[in-house]
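# An overview of the molecular structure
So you can see what is in the structure, the chains are spelled out below.
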Amino acid sequence: KRCARKARQALGARIFTTYCLAFAALMAASFAEVLPVYDWELMKFDVAERVSVWLGQNMHLPFLFSLAYVLVVFGIQWAMKGRKEFDLRNPLALWSLIL
């Protein structure tokens, strides 16, 4: 059991190191202007004004999305109460690596 824990820790350390190196490479490419960097200050004023008006007219949408999120989360918890748990260790490690 102890060896399995150390192996998982070593795998986590390798994944984290790979993630850090990839992040550093992307940051270096961004600073070298190899990757496009979009600046909101370069956006035309009329576009910003239209976005501001749209956000003002649709203020209710974040509340509706939040309510839907809460209902989905608690609904899934209720539906999954009596089911066997999933082993998601590897998919979640992959997800963390992708992030």
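Look up a bit, the structure's there.
Throughout, residues of each chain are indexed from 1 in the direction in which the sequence is written. Local features in this predicted model are restricted to residues whose pLDDT is 70 or higher, and side-chain atom pairs enter the listing and the counts only when it is 80 or higher, whereas totals over whole chains, interfaces and linings include all residues. With hydrogens and water set aside, each side-chain value is computed from the structure's full complement of heavy atoms.

### A look at the overall build of the protein
Counting from the N terminus, the helices are DSSP H or I runs at least four residues long and the strands are E runs at least two residues long. Helix and strand counts for the protein come out as 4 helices and 0 strands. Start at the N end of the protein and walk to the C end: the helices and strands fall as α-α-α-α. Note on classification: 1.4 Å probe, protein chains only; a residue is buried when its accessible area is under 20% of the maximum for its type, exposed when over 50%, partly exposed between these limits. Burial statistics for the protein: of 99 residues in total, 1% are counted as buried. In short, Shrake-Rupley with a 1.4 Å probe defines the accessible areas, and a residue's cover is counted only from the protein chains shown. Within the structure as shown, the protein displays about 9900 Å² of accessible surface, and the carbon and sulfur contribution to it stands at 69%.

### Side note on a nonpolar patch on the surface
Within this analysis, patches are made of residues with over 30% relative accessible area and no salt bridge. Like charges are joined at 9 Å or less; nonpolar side chains (Val, Leu, Ile, Met, Phe, Trp, Tyr) at 5 Å or less. Take a side-chain nitrogen of Lys or Arg and a carboxyl oxygen of Asp or Glu: if they are within 4 Å of each other, that pair is a salt bridge. A cluster of nonpolar side chains, namely Phe16, Tyr19, Phe23, Met27, Phe31, Leu94, Leu97 and Ile98, defines an oily patch on the protein surface of about 840 Å² accessible area. Of all the secondary-structure elements, those providing two or more residues to the nonpolar patch are helix H1 (2–31) and helix H4 (89–98). For the nonpolar patch, the element with the highest residue contribution is H1, accounting for 5 residues. Mapping methionine 27 onto the fold places it in helix H1. We classify methionine 27 as partly exposed; its relative accessible area is 34%.

### A look at the environment of leucine 97
Relative to the assigned elements, leucine 97 resides in helix H4. Taking C-alpha positions, leucine 97 is 9.8 Å from cysteine 20, a pair spaced 77 residues apart along the chain. Residue contacts for leucine 97: discarding those within four places in its chain leaves Ile15 and Tyr19. Contacts: residue pairs with any heavy atoms within 4.5 Å of one another.

### Focus: the packing of H1 against H4
Only the stretch in contact is used when a helix axis is fitted, and all axes are lines through C-alpha atoms; the angle between N-to-C directions ranges over 0 to 180 degrees. Where H1 meets H4, the closest approach of the two axes is 10 Å, and the angle between their N-to-C directions is 25 degrees. Here H4 runs roughly parallel to H1, going by the angle between their axes. Residue-level contacts link Arg8, Ile15 and Tyr19 of H1 to Arg89, Ala93, Ser96 and Leu97 of H4. In what follows, roughly perpendicular refers to angles from 65 to 115 degrees, roughly parallel to angles under 35, roughly antiparallel to angles over 145, and oblique to any angle outside these ranges.

Geometric values such as these leave the question of function open.
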